[in-house]
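# Residue-level structural notes
Each chain, written out:
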Amino acid sequence: MLPIIFLMPLIQLIILGNAATYEIKNIDIYIVNKDRTPVSRRLEEDFLSTKYFTISGYSSQISEAKKSMQEGDTDMILVIPRHFERDLKNKHFDKLDMLFNAENGNSAAVSQTYAQSIVQRFTRQWQRNHPSLTPVKPQKLINIDTVNWYNPELDYTSYMVPGILVILVTMIGMFLSGMNIVKEKEVGTIEQLNVTPIKRYQFIIGKLAPFWILGLGELAFGLFAAWIIFGIPMVGSLVLVFFVAAIYLLVVLGLGLFISTMTDTQQQAMFIAWFLMVVFILMGGLFTPIESMPVWAQKVTFFNPIAHFIEVMRRVLVKGAHISDIKNQIIVLGSFAIAIIALAVSRYKKVSA
Amino acid sequence: MNSFIGFVKKEFYHIIRDYRSLIILFGLPIIELILFGYAIRNELTSAKIGIYDQSNDHVTHEITDKILSSGYFQLYGYLHTTQQVDKAFRDGSVREVIVFGSKFSKKLGDGEHADVQLIADASDPNMSRMLVGYTTSILLNYEQSIQTPGQHQLLTVVPEIRMFYNPELKSVNLFVPGLIAVILMLVSALMTSITITREKEMGTMEILLVSPLKPIQIIVGKVLPYLVLSFVNVMMVLGMALYIFHVPFRGGFIMFISESMLFTITALSLGLFISTTSSSQQEAMMKALAGLLLPTIMLSGFIFPVTSMPKILQWFSVIIPARWFLVIIKGVMLRGVGIQYLWKETLILAVMAIVFLVISMKKFKTRLD
């Protein structure tokens, strides 16, 4: 069991840390060139010389391209019309057809902006080469300067890895604690514990402590791995991270034990734990930003401990937040911890049904 | 054969009498779908921004109004010092701060460059990309709108954009197929792996082994009820997707059902395989749940496109059954293609199922240790 608890999260952290990127690369482009002149070739080259596009097919028939898209081999079709060069020279104007496979709406939207900016660059180049056609320069100019704080290279791993680590630690903690008491029930050993003079709260704390230590150890192990392998920045104080983690784990384990007291079989306990996990993960702001949710859903995420802890990890590790910056999260997690453990203690009865 | 039917019946009763598990089994897909359909969005809406306005003149006010009325942003407040900017980022109050340089309208009128600085919280790189992109386009639009006529910059090439299969770029259209894959994978793999290890743990496996049932009958009998349950689940999710979220369904229904069943069988045999390698329910559950949940979500192309991943991960994702099923199900639902385009993925799933089944059969012990 121990290798599963430590190795599996580590392997997942390494693999999944690299998987999460919204940056779209290798867009399969099918070029339908009906013009076949030096100018249209240049446009083709402008597309293919970027790292974003790779060619999936080339022909002068649009039907071929559409077939390829239907088969799933093509993400985008670029159609360069007949007389493209001639029209540009004579009419200074032409249209290009771009067809996208929008199954994944997000990817399609991003691909579209890439494609448009390439066409824009091509146009500007064209204007520069034909100064007589260049329009008057605008006179009122706004100079836009962009600064990306905390993560100037827009590196996804430092965003995703702390979040994935939180999920892995939570998963292990919740599943282990969730199955614990119910396992004793199922096997029958709970009776033996019930007849000992141990008090209810002592019982719960005794059940909690080993997992708590295990969880903190797991987190330390994971953070170390994240630092070595991914070079995750550790701007803020690690002590603060572990302080919050200690409270957070109480919430997770308390929740697990609470589930355990409510159920009769390990299977039921596991289902409920799984159900909570999936909802927590999806609404935790790991994959999709919480701000993008409708207001009611944002309110629901207040009850999601994972969301709070992911936020804390990101703020402290990446942005170097101080304890005063995250005091709200600490208060919320602290109250959750007290409430859920009290609930678990009160649910646990020393008599068997 | 009679004893086999009796065994299957017994397994069915086992599941149906455990009403708590049943509620979860059917409630989970519904809640997940509602979450995905209504709550989870990739698009930018009402991101909190701060404004640090060093000019405070009519032009900066006008631009601020334009930005705030775009619907993408929500004003957190005006900031007046760099310390405030710093603090607002650190405690997570703002995602972006727009800094207007001094004498903005004067510089603009004099034909000088008026300065705007966009500071984005790039600890979420995706968000910061979107924020900067939207803000820049609003600023550029404004810049265009204040040019005196005759100076309009004309584009010589106009792209005409058409979006196929999902013209409104709705994320739910992509999420529903993904969700079906995740639910089927986890429910099937989990249920089978648990149900067999449970017999081992409780000691009842020995009773089954000495019964006249053949090992293959035991396994089929264990798996059959879950195949039925998964089928009901798929139907439910599909029904909700079609009638509540209006996800398009362009392909053949028979094709959809048979591919779903194939995927379910693959997942069930994976569960079987897990159960033969574990000795306790806890271990099986850890492998099936903790081991499959994140990889299935993240490496199948459900949320992150597979082609954007590093090459090594693209190779690695080959072993994730959900990855192939997603290609199939998106093809059937959104593009409406048939087996002639999807036979490769179908074959891969079938081979996976057979491999898992054969290994499990070999490892399934009919004797006690």
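By convention here, each chain's residues receive numbers from 1 onward along its written sequence. Here chains are named by letter from A upward and ligands by number from 1 upward, in the order in which they appear as written. Local features in a predicted model are, by the rule used here, given only for residues with pLDDT of at least 70; side-chain atom pairs are given and counted only at 80 or more, and totals for whole chains, interfaces and linings are based on all residues. To obtain the side-chain values, all non-hydrogen atoms of the structure were used and water was disregarded.

Time to look at the overall build of chain A. Numbering of helices and strands runs from the N terminus; a helix is a DSSP stretch of H or I covering at least four residues, while a strand is a stretch of E covering at least two. Within chain A, the secondary structure is distributed over 13 helices and five strands. By the compact-globule yardstick of 20 Å for 353 residues, chain A is too spread out, its C-alpha radius of gyration being 28 Å. Taking the principal axes of the C-alpha coordinates as reference, chain A spans close to 95 × 45 × 40 Å. For each residue, the accessible area found with a 1.4 Å probe, counting protein chains only, is set against the maximum for its type, and the residue is called buried under 20%, exposed over 50%, and partly exposed in between. Each of the 353 residues in chain A was classed as buried or not, and the buried ones make up 57%. Contact criterion: two residues are considered in contact whenever any of their non-hydrogen atoms come within 4.5 Å of each other. Considering only contacts in chain A between residues 6 or more positions apart, those separated by 24 or more positions represent 76%. All accessible-area figures derive from a Shrake-Rupley calculation using a 1.4 Å probe, and residue coverage is judged against the displayed protein chains alone. Surface exposure of chain A reaches about 14,600 Å², of which carbon and sulfur atoms provide 61%. Counting rule applied: Lys, Arg positive; Asp, Glu negative; His and chain ends not counted. For this purpose, a charge sits on NZ of Lys, CZ of Arg, CG of Asp or CD of Glu. Across chain A, the mean location of the 31 positive side-chain charges is 6 Å away from that of the 26 negative side-chain charges. The globule rule used for comparison is 2.2 Å times the number of residues to the exponent 0.38, while the radius of gyration itself is calculated over C-alpha atoms.

This part takes up the pattern of salt bridges. Any carboxyl oxygen of Asp or Glu that lies within 4 Å of a side-chain nitrogen of Lys or Arg is treated as forming a salt bridge with it. According to the stated counting rule, one finds 14 salt bridges over all chains in the structure shown. Between E11(B) and K10(B) there is a salt bridge, and its shortest N-O distance comes to 2.7 Å. In this structure, the salt-bridge partner of E199(B) is K222(B), at a minimum N-O distance of 2.5 Å. Placement of E199(B) in helix α7 (residues 171-202) and of K222(B) in helix α9 (residues 215-243) is noted, with a sequence separation of 23 residues between them. Looking at K222(B), the relative accessible area reads 2%, which means it is buried. Salt bridges here are not isolated pairs; linked through shared partners, they connect D325(A), D86(B), K87(B), R90(B) and D91(B).

It is worth spelling out the interface of chain A and chain B at this point. In this complex, chain A contributes 114 residues to the contact, which on the side of chain B involves 115 residues. Both sides of the chain A and chain B interface together cover about 11,300 Å² of buried area, and 63% of this is carbon and sulfur. Our count for the chain A to chain B interface comes out at four salt bridges. Here a polar contact is taken to be a pair of N or O atoms separated by no more than 3.5 Å, where protein atoms must pair a possible hydrogen donor with a possible acceptor and residues adjacent in sequence count only if both atoms sit in side chains. Taken together, the connections running from chain A to chain B amount to eight residue pairs in polar contact (both at pLDDT 80 or more). In the scheme used here, Gly and all other residues not listed as nonpolar or charged are polar, with Ala, Val, Leu, Ile, Met, Phe, Trp, Tyr, Cys and Pro taken as nonpolar and Asp, Glu, Lys and Arg as charged. Its residues assigned to classes, the side of chain A that touches chain B comprises 63 nonpolar, 32 polar and 19 charged. Throughout, the accessible surface (probe 1.4 Å) given up by two parts as they are put together, summed over both, is called the buried area.

The next thing to look at is the pairing of strand β1 (residues 27-33) of chain A. Burial analysis of β1(A) places six of its seven residues in the buried class, the great majority of the element. When the strands point away from the viewer, a crossover counts as right-handed if the path from the first strand over the helix to the second runs clockwise. Read from β1(A) through helix α2 (residues 38-48) of chain A to strand β2 (residues 53-59) of chain A, the crossover connection turns out right-handed.

A word on the domain arrangement of chain B. Where each domain begins and ends follows an automated or database-derived domain assignment. What the domain assignment reports for chain B is domain 1 (47-164) and domain 2 (171-368). Centre-to-centre, using C-alpha coordinates, domain 1 of chain B lies 48 Å away from domain 2 of chain B.

Turning next to helix α3 (residues 58-68) of chain B. All names here are of chain B. Those residues of α3 that fall on the buried side of the exposure criterion are V59, T60, I63, T64 and I67. Axial view of α3: buried residues confined to an arc of 135 degrees, hence all on one face. Of the exposed residues in α3, those oriented more than 90 degrees away from the buried face are H58 and D65. For α3, the N-terminal capping position is held by D57, with its side-chain oxygen 3.1 Å away from the main-chain nitrogen of V59. Here the arc refers to the directions that run from the helix axis out to each C-beta atom.

A few words now on the domain arrangement of chain A. Domain boundaries assigned for chain A yield domain 1 (27-149) and domain 2 (155-352). Measuring from the centre of the C-alpha atoms in domain 1 of chain A to the corresponding centre in domain 2 of chain A gives 49 Å.

Residue and element names in this part refer to chain B. Throughout, an axis means a line fitted to C-alpha atoms (over the contacting stretch in the case of helices), and angles, computed between N-to-C directions, take values from 0 to 180 degrees. At their nearest, the axes of helix α2 (residues 19-39) and α9 sit 10 Å apart, and the two run at 25 degrees to each other. Taken together, the axis directions place α2 and α9 in an arrangement best described as roughly parallel. Relative to α9, α2 is oriented so that their crossing is right-handed. Here L22, L25, F26, P29, I30, L33 and I34 of α2 come into contact with α9, specifically with L229, V232, N233, M236, V237, M240 and A241. In terms of residue class, the contact of α2 with α9 is made up of 13 nonpolar, one polar and no charged. Angle categories: roughly parallel below 35 degrees, roughly antiparallel above 145, roughly perpendicular from 65 to 115, and oblique for all the rest. Each crossing gets its handedness from the near helix: less than a right angle anticlockwise from the far helix is left-handed, clockwise is right-handed.

This part takes up the packing of aromatic side chains. How two aromatic rings sit relative to each other is given by the distance of their centres and the angle of their planes. Geometry of aromatic contacts follows a simple scheme: Phe, Tyr and Trp rings, the Trp one being its six-membered ring, pair when their centres are within 6.5 Å, and the pair is stacked under 30 degrees between planes, edge-to-face over 60, tilted otherwise. Inspection of the entire model under this criterion finds 17 aromatic pairs over all chains. Residues F271(A) and W274(A) carry aromatic rings whose centres are separated by 6.1 Å and whose planes lie at 40 degrees to one another, so their mutual orientation is tilted. Here the residue F271(A) and the residue W274(A) both occupy positions in helix α10 (residues 266-282), the gap between them amounting to three residues, near one helical turn. Exposure remark for F271(A): the relative accessible area of 0% places this residue in the buried category. Relative accessible area serves as the criterion here: at 2%, W274(A) is assigned to the buried category. A ring pair is formed by F273(B) and F356(B), whose centres lie 5.6 Å apart and whose planes are at 40 degrees; its orientation type is tilted. Residue F273(B) is found in helix α10 (residues 253-277), and its partner F356(B) is found in helix α14 (residues 339-363); the two are separated by 83 residues along the sequence. Criterion for a charge above a ring: Arg CZ or Lys NZ at most 6 Å from the ring centre, at most 35 degrees from the ring normal. One Lys or Arg, R17(B), reaches over the ring of Y13(B) and ends 5.0 Å from the middle of that ring.

This part covers empty space enclosed by the protein. All names here are of chain A. Points on a 1 Å grid, built from protein atoms alone, make a cavity when a 1.4 Å probe fits but cannot get out and make a pocket when they are open with protein on both sides within 12 Å along at least 5 of 7 lines; residues with an atom within 4 Å of a point are the lining residues. Grid points are joined across faces, edges and corners, and a volume is the space filled by probe spheres set on the points. Taken as a whole, this structure holds five cavities of 30 Å³ or more when the rule is applied. By volume, the second largest cavity is sized at about 60 Å³. P9, L10, L13, L165, L168, V169, E218, F221 and G222 together form the lining of the second largest cavity. Among the elements of the structure, α1 (2-19), α6 (157-187) and α8 (200-230) are those that each provide at least two residues to the lining of the second largest cavity. Looking at the lining of the second largest cavity, its residues break down into seven nonpolar, one polar and one charged.

All names here are of chain B. For helix α13 (residues 321-335), with 15 residues, the first-to-last C-alpha span of 21 Å sits near the 21 Å given by 1.5 Å per residue. Counting buried positions along α13 gives 14 out of 15 residues, so the element sits mostly inside the fold. With its phi angle positive at about 65 degrees, G336 sits one or two positions after the end of α13. Expected span, for any helix, means 1.5 Å times one less than how many residues it has.

Residue and element names in this part refer to chain A. Relative to the elements of secondary structure, N180 occurs in helix α6. On the basis of relative accessibility, which here comes to 16%, the residue N180 falls in the buried class. A distance of 2.8 Å separates a polar atom in the side chain of N180 from a polar atom in the side chain of K207. If near-sequence neighbours (up to four positions away) are discounted, N180 is found in contact with K207, F211 and S260.

A word on the environment of V232(B). Mapped onto the secondary structure, V232(B) falls in helix α9. V232(B) gets classed as partly exposed once you look at its relative accessible area, which sits at 36%.

Direction vectors running N to C along α1(A) and helix α11 (residues 281-299) of chain B enclose 5 degrees, while the axes themselves pass 10 Å from each other. As summarised for this structure, α1(A) and α11(B) are arranged roughly parallel, according to the angle between their axes. On the side of α1(A), the interface is formed by I4(A), M8(A), Q12(A), I15(A), L16(A) and A19(A), while α11(B) contributes E283(B), M286(B), K287(B), A290(B), G291(B), L294(B), P295(B), M298(B) and L299(B). Partitioned by chemical class, the residues of the contact of α1(A) with α11(B) number 11 nonpolar, two polar and two charged.

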